[in-house]
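# Residue-level structural notes
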Amino acid sequence: MSSSSSPELLTLHAVRLKGMGDEQTVAARFALDRAVARELLLDYQAYGWVTWSEFAGAGGWSLTPAGRAENERRLAVERQEAGDAVLREVYQEFLPLNARLQQACTDWQLRPSQDDPMAFNDHTDPAWDARVLKTLTALSLRLDELVARLAGVLERLGGYDLRFADALGRVPRDNTWVDGSGKDSCHTVWFELHEDLIATLGVERGQ
C-alpha cells in the first residue's frame, strides 16, 4: 500500500525540489492548501529551516542548511516506515536512463558539423531532431513504468511521468519544452525527479 506524506513534510520537501519558490509555487507542487503552506513556511522560517530572498523584483523561499538537514531527517523516517527496497531498485534502473536523457538534451542543443563539433542546433535538420524526440519518447514510456512503481511505495513520487509526457507533447509547437528553464520542460521534470530520488534515498548524485 502506498504511503501518503504529511503536509509538514511536503511543504519542506517542495522547497527543496524547487530550489527557490514563492508560496504559490510551494503549495502547488503537491497540491497543498495555500493557506496551510503559508503557515508552515512562516513556522519553518521561525525555526531557521527556510529563508526568503529577493532578486530583481522576484522572491522565493529556499532551504537553509538546517532546513536541508531537517528535510533529510524526515525523509529518512518516511523511507524507513515505507520500506526502500523498491525505491533503490528503481533508482538503479533510473541511472542509465538519466545518462540517455542528458545526451538527448545535449543533442537538442548541439548539432556538430564537420567544421564545428560544438555547433548550435538551429533545428533546421528534421531528421536530427526526430532522433532526439524518439529517444525522449522511449524515455517517457520507461518513466511510466518506473513512476508507477515509485508511487506504489510513496504517493508523493507520482505524477512525474504525466508532467514529462505533457512537456514532450508541447515540443512540436515550442521546442523550448525539451530543455527550457523556468517551465516544466522535459529536462526540468527529469532533473526534479532525480533530486527527489537522491533526497528520498539519502544518496549523492551518481551513487
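Report on the accompanying structure. None of these values were measured; they are calculated from a predicted model.

### Points about the pattern of salt bridges
- Inspection of the entire model under this criterion finds 24 salt bridges.
- With its nearest N and O atoms 2.8 Å apart, the salt bridge here joins R149 to E89. Of this pair, R149 sits in helix 6 (residues 126-151) while E89 sits in helix 5 (residues 85-109), and the two are 60 residues apart along the sequence.
- On the accessibility criterion, R149 (22% relative accessible area) is partly exposed.
- When salt bridges that share partners are traced, they join K18, R29, R163, D184 and E192 into one network.

### Focus: the packing of aromatic side chains
- Overall, the coordinates contain 7 aromatic pairs when judged by the stated rule.
- Seen from their ring centres, Y44 and W49 are 5.3 Å apart, and the 45 degrees between their planes marks the pair as tilted. Comparing Y44 with W49 shows no difference in burial state: the two are buried.
- Ring geometry for Y91 against F94: centres 6.4 Å apart, planes inclined by 15 degrees, an arrangement best described as stacked. One end of the pair, Y91, and the other, F94, are both in helix 5, 3 residues apart, so they sit about a helical turn from each other. Considered together, Y91 and F94 belong to a single accessibility category, that of buried residues.
- Each residue in the set Y91, F94, F164 and W190 is aromatic and connected to the rest through ring pairs, giving one cluster.
- For R29, the ring lying beneath its charged end belongs to F30, and the centroid distance is 4.4 Å.
- R170 extends its terminal NZ or CZ atom over the ring of W177, reaching a point 4.7 Å from the ring centre.

### Here's the deal with the packing of helix 1 (residues 7-18) against helix 8 (residues 186-201)
- Their axes nearest at 9 Å, the elements helix 1 and helix 8 cross at an angle of 130 degrees. Here helix 8 runs oblique to helix 1, going by the angle between their axes. For the crossing formed where helix 1 meets helix 8, the hand is right-handed. On helix 8, the residues that touch H13, R16, L17 and K18 of helix 1 are E192, E195, D196 and A199.
- In terms of residue class, the contact of helix 1 with helix 8 is built from 2 nonpolar, 1 polar and 5 charged.

The rules behind each value
Residues numbered from 1 in each chain as written. Predicted model: local features only at pLDDT ≥ 70, side-chain atom pairs only at ≥ 80, totals over all residues. Heavy atoms only, no water. Salt bridge = Lys/Arg side-chain N within 4 Å of Asp/Glu carboxyl O. Helix = DSSP H or I, 4+ residues; strand = E, 2+ residues; numbered from the N terminus. Buried < 20%, exposed > 50% of the residue type's maximum accessible area, 1.4 Å probe, protein only. Phe/Tyr/Trp six-rings, centres within 6.5 Å; stacked < 30°, edge-to-face > 60°. Lys NZ or Arg CZ within 6 Å of the ring centre and 35° of its normal. Axes fitted to C-alpha atoms, helices over the stretch in contact; angles between N-to-C directions. Parallel < 35°, antiparallel > 145°, perpendicular 65-115°, else oblique. Left-handed = near helix turned anticlockwise from the far one by under 90°. Contact = heavy atoms within 4.5 Å. Nonpolar A, V, L, I, M, F, W, Y, C, P; charged D, E, K, R; others polar.

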